[in-house]
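Observations on the model geometry
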Amino acid sequence: MPIVRGKKIEVLFSADEIRQRNSQIAEEIVLGELNNPLVVSILKGSFVFAADLIRALHKAGLSPEVEFISVSSYGAGTKAGKPVVLRDIESDVNGRDVLLIDDILESGGTLKFTRELMLDRGANRVAIAVLLEKPMRLKADIKADYVGFDCPDQFVVGYGMDVGHAFRELPFVGVVTGDA
Ligand code: IMP
Ligand code: MG
């Protein structure tokens, strides 16, 4: 079991598994209905997945524009509230097909808010790609079009995702199981 920063981390999805799944998702996206999509990566958690997925899209024959938006549902505390835009995209989405990329679909609040924001701005179509989905946690009326893996009901880290700003750099997705 990997040990990082003095913590034992159990690997749930290895770097190899993620790489293979990203290629499959990219093929699905290319065969889907999006026309010249604008990729919008939701920061911070999705930046590693988005970076790998756009290169998988390139291999699959798609050359998308890429934008970043930072949406947070967490204020000073840890209780989830209404999502707010902390940093916005720069492109006009009016009339565009948008592919939103996020790390995890959990309650769905973040993606529902961001999807509606793009549609309010005149996006023609909004599709959603997430690396992980926790179906047992879903509250909002929202569905991902492309899902990497079903995630167990555990707090995961790595591959862009953090706990207390740590572990984003791990090449795999795992769960902190205790001190080493
Ligand atoms: P929700 O779908 O609005 O509840 O929030 C999803 C967001 O919460 C994701 O984009 C992640 O940034 C964060 N999140 C949810 N579950 C986890 C987890 O297990 N590890 C790390 N971040 C998580
Ligand atoms: Mg996030």
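Above this text you will find the structure in question.
Keep in mind that this is a model prediction, so the values were computed, not measured.

1. Notes on the layout of surface pockets
Over the atoms rolls a probe the size of a water molecule, and in doing so it shows where empty space is left. Quantified by volume, the second largest pocket comes out at close to 280 Å³. Looking at the second largest pocket, it is lined by 14 residues, and the ones nearest its centre are Arg19, Asn22, Ser23, Asp52 and Ala56. For the lining of the second largest pocket, the secondary structure elements donating two or more residues are helix H1 (15–31) and helix H2 (47–59). Looking at which element gives the most residues to the lining of the second largest pocket, the answer is H1, with seven residues. In the lining of the second largest pocket, the residues fall into seven nonpolar, two polar and five charged.

2. Quick word on the environment of Leu111
Mapped onto the secondary structure, Leu111 falls in helix H3 (residues 109–120). A relative accessible area of 2% places Leu111 in the buried class. Between the C-alpha atom of Leu111 and that of Glu28, which follows or precedes it by 83 residues, the distance is 20 Å. Aside from chain neighbours lying at most four places away, what touches Leu111 is Ile42, Leu100, Asp102, Leu105, Ile128, Val130 and Ile142.

3. Topic: the packing of aromatic side chains
A complete count under the given rule lists one aromatic pair for this structure. Relative to Phe149, the ring of Phe13 lies with its centre 4.4 Å away and its plane at 20°, an arrangement referred to as stacked. Of this pair, Phe13 sits in strand S2 (residues 7–13) while Phe149 sits in strand S8 (residues 146–150), and the two are 136 residues apart along the sequence. Phe13 sits in the buried class, given a relative accessible area of 10%. Looking at Arg5, its charged tip hangs above the ring of Phe167, at a distance of 5.7 Å from the centre.

4. Some words on the nonpolar core
Grouped together as the largest cluster of nonpolar side chains are 31 residues, with contacts concentrated most on Ile29, Leu53, Leu99, Leu131, Leu132, Val156 and Val173. Elements represented by at least two residues in this core include exactly S2, H1, H2, strand S6 (97–105), strand S7 (125–133), S8 and strand S9 (173–179). For this core, the leading source of residues is H2, giving six residues. Each residue touching Val156, except ones within four places of it in the same chain, is listed here: Leu12, Ile104, Leu132, Cys151, Met161, Val173, Gly174 and Val175. Counting residues in each nonpolar core, the second largest holds 20 residues, with Ile69, Leu100, Val130 and Ile142 among its members.

5. Things to note about the site of ligand 1
Around ligand 1, the structure places 13 residues, and the nearest of them are Asp103, Ser107, Gly108, Thr110 and Val156. Within the contact set of ligand 1, an oxygen atom lies 2.6 Å away from a side-chain nitrogen or oxygen of Asp103. The separation between an oxygen atom of ligand 1 and a polar side-chain atom of Ser107 is 2.6 Å. For ligand 1, whose accessible area on its own is 490 Å², the fraction buried by protein is 86%. Elements supplying a minimum of two residues to the shell around ligand 1: S6 and H3.

About the criteria used
- Residues numbered from 1 in each chain as written.
- Chains lettered and ligands numbered in written order.
- Predicted model: local features only at pLDDT ≥ 70, side-chain atom pairs only at ≥ 80, totals over all residues.
- Heavy atoms only, no water.
- 1 Å grid on protein atoms, 1.4 Å probe; cavity = no way out; pocket = protein on both sides within 12 Å on 5 of 7 lines; lining within 4 Å.
- Points joined across faces, edges and corners; volume = space filled by probe spheres on them.
- Helix = DSSP H or I, 4+ residues; strand = E, 2+ residues; numbered from the N terminus.
- Nonpolar A, V, L, I, M, F, W, Y, C, P; charged D, E, K, R; others polar.
- Buried < 20%, exposed > 50% of the residue type's maximum accessible area, 1.4 Å probe, protein only.
- Contact = heavy atoms within 4.5 Å.
- Phe/Tyr/Trp six-rings, centres within 6.5 Å; stacked < 30°, edge-to-face > 60°.
- Lys NZ or Arg CZ within 6 Å of the ring centre and 35° of its normal.
- Core = buried A, V, L, I, M, F, W, Y, C linked by side-chain atoms within 4.5 Å.
- Near = heavy atom within 4 Å.
- Polar contact = N/O pair within 3.5 Å; in protein donor to acceptor, adjacent residues only side chain to side chain.
- Areas by Shrake-Rupley, 256 points an atom, 1.4 Å probe, with all protein chains shown as cover.

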